[in-house]
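# Survey of secondary and tertiary structure
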Amino acid sequence: MPTYAYRCRECTESFELTRPMSESGDPAVCPGGHRDTVKLLTTVALTGKAAGAAAAPSAPSGGGCCGGGCCG
Ligand SMILES: [Zn+2]
C-alpha cells in the first residue's frame with residue numbers, strides 16, 4: 001500500500017498516511033484534527049538495493065616491508 005504525504009494548512013504539520021490508491025484523493029485529516037490539508041508529492045517506500053556493496057577490506061597478503069629486508 002503506498003504512503004501519501006499530506007500537509008495541514010492550519011498547523012503546517014506534515015504527516016503521512018498509508019492508504020489504498022483508490023483513496024489517495026480523499027481528504028486527509030491531520031493528526032491535529034484539521035481538515036484543511038493538501039496532498040504532497042507521493043512518496044512510495046521502495047526498498048531497493050543499497051548503493052555500493054559492502055566491500056570487505058582485503059588485507060594485502062605477504063609479510064610486509066620488514067619481511068623483505070627493505071627496512072634495513
Ligand atoms: Zn493540522
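Definitions and cut-offs
Residues numbered from 1 in each chain as written. Predicted model: local features only at pLDDT ≥ 70, side-chain atom pairs only at ≥ 80, totals over all residues. Heavy atoms only, no water. Donors = N, O, S within 2.8 Å, 3.2 Å for Na, K, Ca; no water. Tetrahedral: all angles 85-135°; square planar, octahedral: opposite > 155°, others 65-115°. Helix = DSSP H or I, 4+ residues; strand = E, 2+ residues; numbered from the N terminus. pLDDT = per-residue confidence, 0-100. Contact = heavy atoms within 4.5 Å. Buried < 20%, exposed > 50% of the residue type's maximum accessible area, 1.4 Å probe, protein only.

### Some details on the coordination of the zinc ion
At 2.0 to 2.3 Å from the zinc ion lie its protein donor atoms, namely C8 (SG), C11 (SG), C30 (SG) and H34 (ND1). With four donor atoms in place around the zinc ion and angles of 103 to 115° between them, the coordination shape is tetrahedral. Counting residues between consecutive donors of the zinc ion along the chain gives the motif C-x2-C-x18-C-x3-H. Of the two residues, C8 sits in strand β1 (residues 3-8) while H34 sits in the loop between β2 (14-18) and β3 (37-39), which places them 26 residues apart along the sequence.

### As for the confidence of the model for the protein
With 57% of its residues at a pLDDT of 70 or more, the protein shows a mean pLDDT of 77. Throughout residues 49-53 the model reports pLDDT below 50, and contacts reaching past four residues in sequence, or to other chains, amount to zero contacts.

### Re unusual backbone geometry
Phi at T12 is positive, roughly 55°, even though this residue is not glycine. With respect to the helices and strands, the residue T12 is situated in the loop between β1 and β2. For T12, a relative accessible area of 48% corresponds to the partly exposed category.

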